2 protein chains.
Amino acid sequence: MKTRRADRLVDMTHYLLEHPRVLVSLNFFAERYETAKSSISEDLAIVRRVFKSRGTGDLKTYPGAAGGVYYTPMMGQVEAADFVNSVCEAVSDESRVLPGGYVYLSDLLGDPAVLRQTGRLLTTEYVGQEIDAVMTAATKGIPLAQAVASELNVPFVIVRDDAKVTEGSMISVNYLTGSSKRVEKMALSKRSLRSGAKVLIVDDFMKAGGTIQGMQTLVREFGGTVVGTAVFAEGRSNVRLIEDFTSLLHVETSPETKTQIKVTPGNFDTRIYQEKA
Amino acid sequence: MKTRRADRLVDMTHYLLEHPRVLVSLNFFAERYETAKSSISEDLAIVRRVFKSRGTGDLKTYPGAAGGVYYTPMMGQVEAADFVNSVCEAVSDESRVLPGGYVYLSDLLGDPAVLRQTGRLLTTEYVGQEIDAVMTAATKGIPLAQAVASELNVPFVIVRDDAKVTEGSMISVNYLTGSSKRVEKMALSKRSLRSGAKVLIVDDFMKAGGTIQGMQTLVREFGGTVVGTAVFAEGRSNVRLIEDFTSLLHVETSPETKTQIKVTPGNFDTRIYQEKA
């Protein structure tokens, strides 16, 4: 029987990691492994303890006929601090500063490991909130939105600046860019978001927040609600249109030389989840 | 000791799933768990057996001082057939056909579970090949490229049709679209791909293959090699510029009515990996 438990633990861990934020019934595992529910409960207690001690996330068991087990990926304070410090260090590199004070981040936003960890960190802040979909604006927000949506186990939708022939009917809104005060347009396929959806907005970089404000307008046009806003990096801005957001990094490029860069951790808060407690 | 093994199996499974296609030394695990290497070897034999029987992937152990364990995510024939059939069914819906014979796929390409499985299936074909990076063209190929790159554990790069201020110096090429024979331009940030890189090209939809041919040119401009091409769906085309590719789906919309759609499995081949063998 020892071997059987070992086998179940390996497969159960894999299954739970691939099905976050969904209630899996004990019956499902009992049938999958042809094993009594009492043994499954003992297995899950082991998985819970290891996930807790390694900071993988939280595993909750709900008793009763309608009960089951619910896995929430989370990042603890220590791991979050280590990860963000390593990203700060990677971004603190003057060769990343481009003309206009922009910062090159495409390598990090194209690194699966960085994306996976960023997704886990940014979703930790929204634990316990109901979220139906993640929204982002093309192009550079997409990998982040996917990383966050994957941890939340919900679909993500991509807002575009043009109506594409492959998207069908679209709803578009105008918005004012925060810094240059230009009027721009953004559009989302009509069938991609249902009315009443609770939406988490995700983007790579926020300065004044004009693009994010545009997405907020778009969510309302679809009859939905904005649950929150999460960004990889916030930049310096004289105007700030968005007050309530979560950021991984705070990035400042010097307005004088344009080649200096100062990177500090953003305003994320993982205090709600402490590993090794 | 029974409990300790159980704990190790849970954490080891999680660790290996997050670090595919990289050699992890037995010493690493021995130190992580303060356990003799002989016990670690036994643990890994259990993980290997379960991964094999559940079709999670392949776990190889290399003996010796420089040895270790190497996990390759793979999808077996049965799971691949089931998955592709379910996707075929989802796409075989006349309401997806848009004016011009285009097909709406954004819901599937924004579904984390579909992306994860597609990534695993498309990479199975390239098992054993050296791949340094995944390349795609903005916008709709991005989620797929990320899903494939995540399974391969390599970075992905995004080719754009315009030079953005956030990308720094770019290399651009002209290419001929396959169907309409227009000359277009695509560009990639100079610092995103190193010379000599072995590249897997990934895109959402291929008709004649003009965009993919453009990306092949771009890879050569960077001094790299194209290892292969993988697409979510191939459409019908009178011209085909790309012969060697892997597709998940074959999609045909009727040239007469433009509201009929016929979806069949693509040319993928998972015979190399058989689960439950």
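Predicted model only: the values in this text are computed from it and were never measured. (Residues numbered from 1 in each chain as written. Chains lettered and ligands numbered in written order. Predicted model: local features only at pLDDT ≥ 70, side-chain atom pairs only at ≥ 80, totals over all residues. Heavy atoms only, no water.)

A. Molecular detail of helix H7 (residues 210-221) of chain B. All names here are of chain B. Between its first and last C-alpha, H7 extends 17 Å over 12 residues, near the 16 Å set by a 1.5 Å rise per residue. Gly210, Ile212, Gly214, Met215, Gln216, Leu218 and Val219 are the residues of H7 that are buried. Elements in contact with the buried residues of H7: strand S4 (133-137), strand S5 (156-159), strand S6 (170-176), strand S7 (183-189), strand S8 (198-206) and strand S9 (225-235). Where H7 ends, the next residue or the one after it, Gly223, has phi of about 75°, a positive value. (Helix = DSSP H or I, 4+ residues; strand = E, 2+ residues; numbered from the N terminus. Expected span 1.5 Å × (residues − 1). Buried < 20%, exposed > 50% of the residue type's maximum accessible area, 1.4 Å probe, protein only. Contact = heavy atoms within 4.5 Å.)

B. Region of interest: the nonpolar core. Counting 82 residues, the largest nonpolar core has Phe232 and Leu249 of chain A together with Phe232 and Leu249 of chain B as the members making the most contacts within it. Those residues in contact with Leu249 of chain B that lie beyond four places of it in its chain are Val84, Val87, Cys88, Val91, Phe232, Ala233, Glu234, Val263, Thr264, Pro265 and Gly266 of chain B. (Core = buried A, V, L, I, M, F, W, Y, C linked by side-chain atoms within 4.5 Å.)

C. Summary view of the pairing of strand S2 (residues 57-62) of chain A. In this sheet, strand S3 (residues 68-73) of chain A lies alongside S2 of chain A in antiparallel orientation, the contact comprising six bridges. Counted as the bridge partner of Tyr62 of chain A is Gly68 of chain A from S3 of chain A. (Pairing = 2+ DSSP bridges.)

D. Looking closely at the pairing of S6 of chain B. Pairing geometry for S6 of chain B and S7 of chain B, over seven bridges, is antiparallel. Within the sheet, the bridge partner assigned to Tyr175 of chain B lies in S7 of chain B and is Glu184 of chain B.

E. Representation of the interface of chain A and chain B in the model. Every contact between the two is made by 53 residues of chain A and, on the other side, 53 residues of chain B. With both sides pooled, the region where chain A packs onto chain B buries about 4,700 Å², and carbon together with sulfur makes up 59% of that total. Our count for the contact surface shared by chain A and chain B stands at four salt bridges. Between Arg54 of chain B and Asp11 of chain A there is a salt bridge, with its nearest N and O atoms 3.6 Å apart. At the boundary of chain A and chain B, one finds 18 residue pairs in polar contact (both at pLDDT 80 or more). Of all the elements in the fold, those that place two or more residues in the side of chain A that touches chain B are helix H1 (2-18), helix H2 (26-33), helix H3 (37-54), helix H5 (112-124), helix H6 (142-152) and strand S5 (156-159) of chain A. (Buried area = accessible area lost by both parts, 1.4 Å probe. Salt bridge = Lys/Arg side-chain N within 4 Å of Asp/Glu carboxyl O. Polar contact = N/O pair within 3.5 Å; in protein donor to acceptor, adjacent residues only side chain to side chain.)

F. View of the environment of Thr264 of chain B. Residues and elements named next belong to chain B. When you line up the elements, Thr264 lands in strand S11 (residues 261-265). Put simply, Thr264 and Val114 are 150 residues apart on the chain and 17 Å apart in space, counted from C-alpha to C-alpha. Among residues more than four places away in sequence, those in contact with Thr264 are Cys88, Leu249 and His250.

G. Representation of the sheet that holds strand S9 (residues 225-235) of chain A in the model. Residue and element names in this part refer to chain A. As summarised here, the arrangement of the six strands in space is S5-S4-S8-S9-S10-S11, forming an open sheet in which the pairing is mixed. Looking at the sheet topology across the chains shown, the edges are occupied by S5 and strand S11 (261-265). Mean inter-strand twist for the sheet, computed between neighbouring axes without regard to direction, equals 25°. Relative to S5, strand S4 (residues 133-137) runs parallel, the two sharing four bridges. Within the sheet, the bridge partner assigned to Met135 lies in S5 and is Val157. Contacts from H6 reach S4, S5, strand S8 (198-206) and S9, with the element oriented near 140° to S8. (Axes fitted to C-alpha atoms, helices over the stretch in contact; angles between N-to-C directions.)

H. View of the UniProt feature "domain: Bacterial purine repressor N-terminal" (unreviewed entry) in chain A. Per the UniProt record, the feature "domain: Bacterial purine repressor N-terminal" (unreviewed entry) sits at residues 4-73 of chain A. As a span, residues 4-73 of chain A carries 59% helix and 20% strand, and end to end its C-alpha atoms are 26 Å apart. (UniProt positions renumbered as here; feature names shortened; annotations may be inferred.)

I. Structural context of the sheet that holds S2 of chain A. All names here are of chain A. Spatially, three strands are ordered S1-S3-S2 in an open sheet, and the strand pairing comes out antiparallel. With one partner strand each, in any of the chains shown, strand S1 (23-24) and S2 form the two edges of the open sheet. Where H3 meets the sheet, it contacts S2 and S3, and its direction lies at approximately 155° from that of S2.

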